[in-house]
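Chains, contacts and geometry: an overview
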Amino acid sequence: MDVRSRNNVVVTGRPDGPVVVLAHGFGCDQNMWRLVVPALAENHRVVLFDYVGSGGSDLSAWSEERYASLDGYAQDVVEVCEELDLRRAVLVGHSVSAMVGVLAAQAAPERIGALVMVAPSPRYIDDEGYRGGFSAGDIDELLQSLESNYLGWSSAMAPVIMGNPERPGLGQELTDSFCATDPDIARVFARTTFLSDSRQDLKGVRVPTLVLECVEDVIAPREVGAYVHAAIPSSSLVTLNATGHCPQLSAPQATAEAILGFLRSL
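In this report, we go over the structure that sits alongside the text. (Residues numbered from 1 in each chain as written. Predicted model: local features only at pLDDT ≥ 70, side-chain atom pairs only at ≥ 80, totals over all residues. Heavy atoms only, no water.)

With respect to the environment of C214
Residue position: C214 is located in strand β6 (residues 209-216). Residue classification places C214 among the buried residues on the basis of a relative accessible area of 2%. Between the C-alpha atoms of C214 and N241, which are 27 residues apart in sequence, the distance is 6.4 Å. The contacts of C214, once residues within four sequence positions are left out, are R222, T239, L240, A242, T243, G244 and P247. (Helix = DSSP H or I, 4+ residues; strand = E, 2+ residues; numbered from the N terminus. Buried < 20%, exposed > 50% of the residue type's maximum accessible area, 1.4 Å probe, protein only. Contact = heavy atoms within 4.5 Å.)

Written as structure tokens, this is what we have:
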């Protein structure tokens with residue numbers, strides 16, 4: 001199968017520039033990056049794609065077996081990098097894609113030379129000595145609600161995830177993005193995301209890494225950003241003066257500036 005059409009791959013920016021690959025999170029697609037792309041594209045070759053099952057991807061290529069683990073999404077990333085013959089690209093992963101990026105970098109170290117983690121979380125459920133932000137009961141309830149009434153869940157949860165209630169258009173955009181996702185595919189992606197535990201994988205990160213967190217984020221609280229930063233010796237931590245879980249939409253200029261600052265340091 002043609003990977004470019006399967007994953008709706010779009011390449012923009014400076015053809016001879018350093019490569020930046022943008023990976024979206026749960027319930028989203030590459031459109032979530034549109035406000036930061038112009039700044040990145042001035043001096044970089046920017047690669048956007050949709051995971052199979054999201055956005056403009058080829059839905060016929062989706063299988064529950066492959067995408068029931070984060071490895072399936074990492075495989076998408078690696079295959080996009082192989083298709084474009086990318087070398088030492090910087091992978092910018094939002095939310096769960098931060099951990100997907102960790103797996104992709106381990107699977108294909110020659111393809112990915114640095115990571116930017118935007119609002120990452122290696123585990124969403126609290127554990128002994130670890131605060132992920134949710135109890136096991138919270139996540140069970142979230143998944144049950146999602147599976148019983150996905151559109152209703154999306155309408156209720158997307159504005160909470162986005163934050164910024166004084167800017168309702170942002171919450172509506174995330175709601176629309178969630179609602180555009182096939183409920184059966186969303187169910188699998190949600191379970192893969194919210195039940196994941198990638199804490200051990202962080203110890204294997206050997207590439208330069210930027211951890212980007214927001215001042216307030218209901219999905220990935222500040223303790224999570226501190227945990228990820230401490231677990232990756234080669235990382236730096238930047239706290240954006242932004243709220244919510246999607247700073248690329250709510251604070252695109254600050255997000256782009258932080259990413260560009262990291263890129264200049266490489």
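Description of the pattern of salt bridges
Applying the stated criterion across every chain, the model contains 17 salt bridges. Among the salt bridges present, the one from R187 reaches E64, with a minimum N-O distance of 4.0 Å. On the criterion of sequence distance, the pair formed by R187 in helix α9 (residues 183-194) and E64 in helix α3 (residues 64-67) is long-range, its members being 123 residues apart. Accessibility expressed as a relative area gives 27% for R187, which makes it partly exposed. Residue classification places E64 among the partly exposed residues on the basis of a relative accessible area of 41%. One salt-bridge network, held together by shared partners, links R6, R66, D76 and E79. (Salt bridge = Lys/Arg side-chain N within 4 Å of Asp/Glu carboxyl O.)

Observations concerning the layout of surface pockets
If a probe as big as a water molecule is rolled over the atoms, it shows which places are left empty. Of the pockets and cavities examined, the largest pocket occupies roughly 160 Å³. Along its surface, the largest pocket is lined by 13 residues, and D29, G55, S177, A180 and T181 are the ones closest to its centre. Taken together, the residues that form the lining of the largest pocket break down as four nonpolar, six polar and three charged. (1 Å grid on protein atoms, 1.4 Å probe; cavity = no way out; pocket = protein on both sides within 12 Å on 5 of 7 lines; lining within 4 Å. Points joined across faces, edges and corners; volume = space filled by probe spheres on them. Nonpolar A, V, L, I, M, F, W, Y, C, P; charged D, E, K, R; others polar.)

Quick notes on the packing of aromatic side chains
Enumeration according to the criterion identifies 13 aromatic pairs in this entry. Relative to F194, the ring of F26 has its centre 6.2 Å away and its plane inclined at 70°; by these criteria the two rings are edge-to-face. On the criterion of sequence distance, the pair formed by F26 in the loop between β2 (19-23) and α2 (37-41) and F194 in helix α9 is long-range, its members being 168 residues apart. Neither F26 nor F194 differs from the other in exposure class; each is buried. Arranged with centres 5.1 Å apart and planes meeting at 90°, the rings of F49 and Y51 form a pair that is edge-to-face. Under the relative-accessibility criterion, F49 is labelled buried at 0%. For Y51, a relative accessible area of 1% corresponds to the buried category. (Phe/Tyr/Trp six-rings, centres within 6.5 Å; stacked < 30°, edge-to-face > 60°.)

Scope: geometric values only; no functional claims are made or implied.
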